[in-house]
Amino acid sequence: FSAYRHGGKRLFDIVGSLILLLMLSPVACLCCLLIAVKLGRPVTFCQRRLGWHGRPFLMHKFRSMRDATDLAGNPLPDEERLGSFGKKLRSTSLDELPQLFDILRGRMSLVGPRPLLVRYRDRYTEREWKRHLVRPGLTGWCQVNGRNALDWESKLELDVVYAEGFSFW
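Residues numbered from 1 in each chain as written. Predicted model: local features only at pLDDT ≥ 70, side-chain atom pairs only at ≥ 80, totals over all residues. Heavy atoms only, no water.

**Points about the overall build of the protein**
In plain terms, the rule: The helix count covers DSSP runs of H or I at least four residues long, the strand count covers runs of E at least two residues long, and both are numbered beginning at the N terminus. Per-residue accessibility, obtained with a 1.4 Å probe over protein chains only, is compared with the maximum for each type, and a residue is labelled buried under 20%, exposed over 50%, and partly exposed between these values. Throughout, a residue-residue contact means that at least one pair of heavy atoms, one from each residue, lies within 4.5 Å. Computed with the Shrake-Rupley method and a 1.4 Å probe, the accessible areas treat only the protein chains shown as cover for residues. Under the counting rule used here, the positive set is Lys and Arg, the negative set is Asp and Glu, and His together with the chain ends is not counted. A single reference atom marks each charge: NZ on Lys, CZ on Arg, CG on Asp, CD on Glu.
Looking only at helices and strands, the protein has six helices and four strands in total. For the protein, the α and β elements follow one another from N to C terminus as α-β-β-α-α-α-β-β-α-α. Its C-alpha atoms give the protein principal-axis dimensions of roughly 55 × 40 × 25 Å. Within the span of the protein, comprising 169 residues, buried residues form 39% of the whole. Restricting to contacts in the protein with at least 6 residues of sequence separation, those with at least 24 account for 66%. Carbon and sulfur atoms provide 61% of the accessible area of the protein, an area that totals close to 10,300 Å². Counting 27 positive and 17 negative side-chain charges, the protein places the averaged centre of each group 7 Å from the other.

Structure below.
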């Protein structure tokens, strides 16, 4: 293992996320203001995801959906709660900005497999589980190589390839 794998990556994550937080703070503040006006408060939400070594953690995101319910008080389907503003936040990935704080905390990395919901825990094959050998990332090998154009098997395989052979390059 290289020095990068034994601490250099973490140092890179801390420095990189601090720089990005400083550079993007005006954008993040504008997002907070617009979300508060268009969608209400709170402006962020947390979701349990599987992280490093398969341990659950709370991942933070900007809200992109309205709090709309039916007459019985049940949330409406996602398609009905996601408006044009929320779609724009997601398409630009601005909803992911709060994850820079998750990176600072050590729960995520700048680069790594995107963390998936805890409910998928039992669906991984033994090989696919290897994606949890590294911290989940804000972006990853899968996102650079096709993102939503890929099927699940291809995405998971790219995650495993990254986890098995990541380096600074």
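There's more to say after this.
**Here's the deal with the packing of aromatic side chains**
Applied cut-off: In summary, the pairing rule links any two rings of Phe, Tyr or Trp, Trp by its six-membered ring, whose centres are within 6.5 Å, and it sorts them by plane angle into stacked for under 30 degrees, edge-to-face for over 60 and tilted for everything else. Charge over a ring is defined by NZ of Lys or CZ of Arg lying within 6 Å of the ring centre and within 35 degrees of the ring normal.
Following the criterion strictly, the structure yields two aromatic pairs and no others. Centre to centre, the rings of tyrosine 120 and tryptophan 152 are 6.4 Å apart; their planes meet at 50°, and the pair counts as tilted. Separated by 32 residues along the polypeptide, tyrosine 120 in the loop between strand E3 (109-111) and strand E4 (137-139) and tryptophan 152 in helix H6 (residues 152-165) bring together distant segments of the chain. For tyrosine 120, a relative accessible area of 21% corresponds to the partly exposed category. A centroid spacing of 5.5 Å and a plane angle of 70° characterise the contact between tyrosine 124 and tryptophan 129, whose relative ring orientation is edge-to-face. The ring of tryptophan 52 is capped by arginine 135, whose NZ or CZ atom sits 4.0 Å from the centre of that ring.

**Details of the pattern of salt bridges**
Which entries qualify depends on this criterion: What counts as a salt bridge is simple: a side-chain nitrogen of Lys or Arg found within 4 Å of a carboxyl oxygen of Asp or Glu.
Overall, the coordinates contain ten salt bridges when judged by the stated rule. With a shortest N-O distance of 3.6 Å, aspartate 67 and arginine 63 are connected by a salt bridge. A salt bridge links glutamate 96 to arginine 114; the shortest N-O distance between them is 2.9 Å. Residue glutamate 96 is found in the loop between helix H3 (84-91) and helix H4 (99-104), and its partner arginine 114 is found in the loop between E3 and E4; the two are separated by 18 residues along the sequence. Judged by relative accessible area, which is 13%, glutamate 96 ranks as buried. Within the structure, one salt-bridge network assembled from shared partners comprises Lys61, Asp95, Glu96 and Arg114.

**Digging into a nonpolar patch on the surface**
This is how the line gets drawn: Put simply, a patch holds well-exposed residues, over 30% relative accessible area, that have no salt bridge, with like charges counted together within 9 Å and Val, Leu, Ile, Met, Phe, Trp or Tyr side chains within 5 Å.
A contiguous nonpolar patch, built from Leu11, Val15, Ile19 and Met23 and spanning about 390 Å² of accessible area, is present on the exposed surface. Tracing the chain through its elements places leucine 11 in helix H1 (residues 4-38). A residue is classified by how much of its surface remains accessible, and leucine 11, at 53% relative accessible area, is exposed.

**Points about H6**
For clarity, the cut-off: Expected helix span is taken as 1.5 Å per residue step, with the number of steps being one fewer than the number of residues. Whenever a nitrogen or oxygen atom comes within 3.5 Å of another N or O atom, the pair is scored as a polar contact, on the condition that within protein one atom can donate a hydrogen and the other can accept it, and that pairs from neighbouring residues in sequence are kept only if both atoms are in side chains.
Relative to the 20 Å expected for 14 residues at 1.5 Å per residue, H6 spans 20 Å between its end C-alpha atoms, a close match to the ideal helical length. Buried within H6 we find Lys155, Leu156, Leu158, Asp159, Val160, Tyr162 and Ala163. Sitting at the amino-terminal end of H6 is aspartate 151, which places a side-chain oxygen 3.3 Å from the backbone nitrogen of glutamate 153.

**What to know about the pairing of strand E2 (residues 56-62)**
For clarity, the cut-off: Criterion used throughout: strands pair if DSSP finds at least two bridges between them.
Among the seven residues in E2, five count as buried, and that is most of the element. Strand direction decides the pairing type here: strand E1 (residues 44-50) and E2, joined by seven bridges, are antiparallel. Residue arginine 48 lies in a different strand from E2, and its bridge partner there is leucine 58.

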